Amino acid sequence: MNRFLKGFIIGIIIILLAGGGFYVYKDYTEKQKIKQEEEAKRLEQEEHENLVRETLAKEVIYDGISIGGVDVSGLSKSEATTKLNDKFSTLGERKVVVHIDDSSATKTLAELGLNPNFEDAIDRAYQIGRGGTEEERFNKINDLKENKENIELNLSVDEEKVKDFVNTISENMNVVSTNSDVTFVDGKLQVGESKSGKEVDKEELLSLLNTNIKKAIDENSDVSFETNTKTIEPSVNKDSIARVNGVIGTFTSNLGRGTAGRNANIVLSAKRISNIVVMPGESVSFNEKMGPITAANGYKPASTIQGGVYTDALGGGLCQTSTTLYNALVRSDVTITERHPHSIPAPYVPYGEDGAVWVGAKDLKFTNNFDFPIAITSSVNLAKNIITFTIYGDTNKKNYTVEMYSKCIEEIPFETQEKKSDELFVGETKVVKKGRTGYRYQSYKVYKNGGKLIKEVPYMKSYYPKSDQVVLVGTKEKTPDAQPTDLEDIPEEEPVETIDLLQ
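Please read these numbers as outputs of a predicted model, since none were measured by experiment. One numbering rule holds for all chains: residues counted from 1, following each sequence as written. In keeping with the predicted nature of the model, local features appear solely for residues at pLDDT of at least 70, side-chain atom pairs appear and are counted solely at 80 or more, and the whole-chain, interface and lining totals rest on all residues. Side-chain metrics rest on all non-hydrogen atoms present in the structure, leaving aside hydrogens and water.

## Quick word on the overall build of the protein
Moving on, step 1. In this description a helix means any DSSP run of H or I spanning at least four residues, a strand means any run of E spanning at least two, and both kinds are numbered starting from the N terminus. When its secondary structure is counted, the protein shows 9 helices and 25 strands.
Moving on, step 2. Over its C-alpha atoms, taken along the principal directions, the protein stretches across nearly 180 × 80 × 50 Å.
Moving on, step 3. Exposure categories follow from relative accessible area, calculated using a 1.4 Å probe and restricted to protein chains: below 20% of the type maximum is buried, above 50% is exposed, and the middle band is partly exposed. Split into buried and exposed, the 503 residues of the protein put 40% on the buried side.
Moving on, step 4. Contacts are assigned to residue pairs with any non-hydrogen atoms lying within 4.5 Å of each other. At a minimum sequence separation of 6, the contacts of the protein that also span at least 24 residues come to 75%.
Moving on, step 5. A total accessible area of about 28,800 Å² is found for the protein, and carbon and sulfur atoms account for 50% of it.
Moving on, step 6. Each charge class in the protein can be summarised by its mean position, and for the 62 positive and 77 negative side chains these summaries are 3 Å apart. Here, Shrake-Rupley sampling with a 1.4 Å probe gives the accessible areas, and only protein chains in the shown set may cover a residue. The sign given to each residue is positive for Lys and Arg and negative for Asp and Glu; His and the chain ends receive no count. Charged groups are reduced to one reference atom each: NZ for lysine, CZ for arginine, CG for aspartic acid, CD for glutamic acid.

So, in structure tokens, the structure goes:
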């Protein structure tokens, strides 16, 4: 091998050795760099984990949180309670003063039930940043530094105590209006003086109170406001019943053979629905006017019908009062909204023209649908044995007369039921319960003006149920020496009152 070639080969070997060494060195350097980066990340992660643990370990409310506008960052629960107490310590002493007309009423916020719920708000503030994984909690805590949160403090009062305050003011301020007394002297309407009243608008006052209570809380200061009562005009005064100028309907019924108790009930009930004024659109319930049917309320025992049997009960006689009023109202053309027939036709008016009442079962109700007031008066004349109701109104508007009559549209015969009796001999019978025929009636209203027929219209329907007769039929064998059985039938009873009592 010549010298040149040997040198060339040696040069090639040197170059190869140098290149391989370079690549070995480069690989080593890159591995060292990766190792350093991983170590840096490990240290950074370890530092982060230590920071997370340190941050989450704090037993305080995290930074960026306030309660009711008060910053509680970094405070323990007890420290937050102290700070809130310092801030709101005098709030309950703040006064709310209501000036109404010439009077005033005052309550403190504490008296109205103000009781700030610090404990709940502090618990809610403390829980912020304490939910989720450690990493989620840490991120939330850091976010609070930029996006602060405020827990609303419950600074409301007790709604019921506020309403009680309104009711107390209302009770102290309200004055009931006084209607004119209405009496009839020699058939002429006499109207007394009336007096206006005043009334607190409770809904408006409640709204004003709530607004000013909020203001007192928000501003931590005393507040006061003014309002006024509403004037309440009496429904009955001289002006309102000026159009009442004469009789628009009247009716009289005969008391029959009434007992002292029955007559006393009729006198009492007639007084309770007499000398009253019913304004346009106003409705009246006969039973409400009567009040409780009790001895304490003045009612006496009198003959009534209960389940088809005559018996004494409190309030016997009221049906004649209601029936007489019903007939007067019909003739006045007042609107009847509830009316009931008796179970047995009343003896003091034609069939189909009665009006039965009993509390909880039957009532007589009517509404004044005229555009003028009506006045009702009653009188009971025991010497003449009559009861009368008279309705007064505007005879210029109600310038016609109304009459009423009824027609029988169905007669319902009773049946006879036979019952065997071993107390009667064979061939003997005895009536122990009289039968009563049932009826259906249709009443009609007849309108006239100056005696001339205007119209005739169907009105109320009435149903009086039948009552079957009961006859005993003897089954006992008759011996030669047997005495005849007393077979006198029960006497026919004449109704004196026909109230259906509650069963």
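## Considerations on the sheet that holds strand 2 (residues 70-71)
Moving on, step 1. A strand pair is defined by DSSP finding two or more bridges across the two strands. Ordered by their spatial adjacency, 3 strands build an open sheet running 2-1-5, and the pairing between neighbours is mixed. Here the strands that pair on one side only, and so sit at the sheet edges, are strand 2 and strand 5 (149-151).
Moving on, step 2. In this structure, strand 1 (residues 65-67) lies alongside strand 2, joined through 2 bridges in antiparallel fashion. Paired with serine 66 across the two strands is aspartate 71, which belongs to strand 2.
Moving on, step 3. Across the face of the sheet, helix 3 (residues 118-127) comes into contact with strand 1 and strand 5 while running at roughly 170° to strand 1. As a rule, the C-alpha atoms of each element are fitted with a line to give its axis, helices using only the stretch in contact, and angles between N-to-C directions run from 0 to 180 degrees.

## A closer look at the packing of aromatic side chains
Moving on, step 1. For this analysis, a ring pair means two rings from Phe, Tyr or Trp (six-membered ring only for Trp) whose centres lie within 6.5 Å, classed as stacked if their planes differ by under 30 degrees, edge-to-face if by over 60, and tilted for the remaining angles. One pass over the full model with this rule turns up 9 aromatic pairs.
Moving on, step 2. An angle of 15° between the planes, with centres 5.2 Å apart, marks the rings of tyrosine 405 and tyrosine 444 as stacked. Linking tyrosine 405 in strand 20 (residues 401-412) with tyrosine 444 in strand 23 (residues 438-449), this pair joins segments that are 39 residues apart in sequence.
Moving on, step 3. Judged by relative accessible area, tyrosine 405 falls into the partly exposed class, the value being 27%.
Moving on, step 4. Clustering of aromatic rings is evident, with ring pairs tying together Tyr351, Tyr439, Tyr441 and Tyr464.
Moving on, step 5. The ring of tyrosine 126 has arginine 130 lying over it, and the distance from NZ or CZ to the ring centre is 3.7 Å. Only when the NZ atom of a Lys or the CZ atom of an Arg is both within 6 Å of the ring centre and within 35 degrees of the ring normal do we say a charge sits over the ring.

## What to know about the side chain of serine 322
Moving on, step 1. Mapping serine 322 onto the fold places it in helix 9 (residues 318-332).
Moving on, step 2. A relative accessible area of 0% places serine 322 in the buried class.
Moving on, step 3. A polar contact is formed between the side chain of serine 322 and the backbone oxygen of cysteine 319, at a distance of 3.0 Å.
Moving on, step 4. When near neighbours in sequence (up to four residues on either side) are disregarded, serine 322 contacts Phe286, Gly355, Ala356, Val357 and Leu364. Counting of polar contacts relies on pairs of N or O atoms within 3.5 Å, with two restrictions inside protein: one atom must be capable of donating a hydrogen and the other of accepting it, and residues adjacent in sequence are counted only when both atoms are side-chain atoms.

## Describing helix 6 (residues 202-219)
Moving on, step 1. In this model, helix 6 (18 residues) spans 25 Å end to end at C-alpha, consistent with the 26 Å of a helix rising 1.5 Å per residue.
Moving on, step 2. Along its buried surface, helix 6 packs onto strand 3 (95-100), helix 5 (159-173) and strand 9 (223-227).
Moving on, step 3. Just downstream of helix 6, asparagine 220 is the residue with a positive phi angle, here 50°. Multiplying 1.5 Å by the helix residue count minus one yields the expected span of that helix.

## Notes on the pattern of salt bridges
Moving on, step 1. One side-chain nitrogen of Lys or Arg within 4 Å of one carboxyl oxygen of Asp or Glu is enough to make a salt bridge. Inspection of every chain in the model, using the stated rule, returns 14 salt bridges.
Moving on, step 2. A salt bridge links aspartate 120 to arginine 124, with the nearest nitrogen and oxygen atoms 4.0 Å apart. Within this pair, aspartate 120 and its partner arginine 124 are both found in helix 3, separated by 4 residues, close to a single helical turn.
Moving on, step 3. Of the residues examined, arginine 124 reaches a relative accessible area of 43% and is grouped as partly exposed.
Moving on, step 4. Put simply, aspartate 468 and lysine 466 hold a salt bridge, and the shortest N to O gap is 2.8 Å.
Moving on, step 5. With relative accessibility at 15%, the residue aspartate 468 sits in the buried group.
Moving on, step 6. On the basis of relative accessible area, lysine 466 is assigned to the partly exposed category, the value being 32%.
Moving on, step 7. Salt bridges sharing partners connect three or more residues here, namely Arg243, Asp371, Asp394 and Lys397.

## Focus on the sheet that holds strand 22 (residues 429-433)
Moving on, step 1. Pairing is mixed in the open sheet, where 3 strands are placed in the order 21-25-22. The sheet is open, and its two edges are formed by strand 21 (416-425) and strand 22, each paired on a single side. Here the strands of the sheet are splayed against their neighbours by 35° on average, with no regard to which way each runs.
Moving on, step 2. One ladder, built from 4 bridges, connects strand 22 with strand 25 (residues 469-476); its direction is antiparallel. Residue pairing in the sheet places lysine 433 in a bridge with valine 470 of strand 25.

## Re the packing of helix 7 (residues 260-272) against helix 9
Moving on, step 1. Their axes nearest at 8 Å, the elements helix 7 and helix 9 cross at an angle of 45°. Comparing the axis directions of helix 7 and helix 9 gives the class oblique. Between helix 7 and helix 9 lies a crossing of right-handed hand. For the pair helix 7 and helix 9, contact is made by Arg262, Asn265, Ile266, Ser269 and Ala270 and by Leu318, Gln320 and Thr321, respectively.
Moving on, step 2. Classification convention: Asp, Glu, Lys, Arg as charged; Ala, Val, Leu, Ile, Met, Phe, Trp, Tyr, Cys, Pro as nonpolar; all other residues, Gly among them, as polar. By residue class, the composition of the contact of helix 7 with helix 9 is 3 nonpolar, 4 polar and 1 charged. Convention used here: angles under 35 degrees read as roughly parallel, angles over 145 as roughly antiparallel, angles from 65 to 115 as roughly perpendicular, and any remaining angle as oblique. Left-handed describes a crossing whose near helix is turned anticlockwise from the far helix through less than a right angle; right-handed describes the clockwise counterpart.

No statement about biological role is implied by the geometric values presented.
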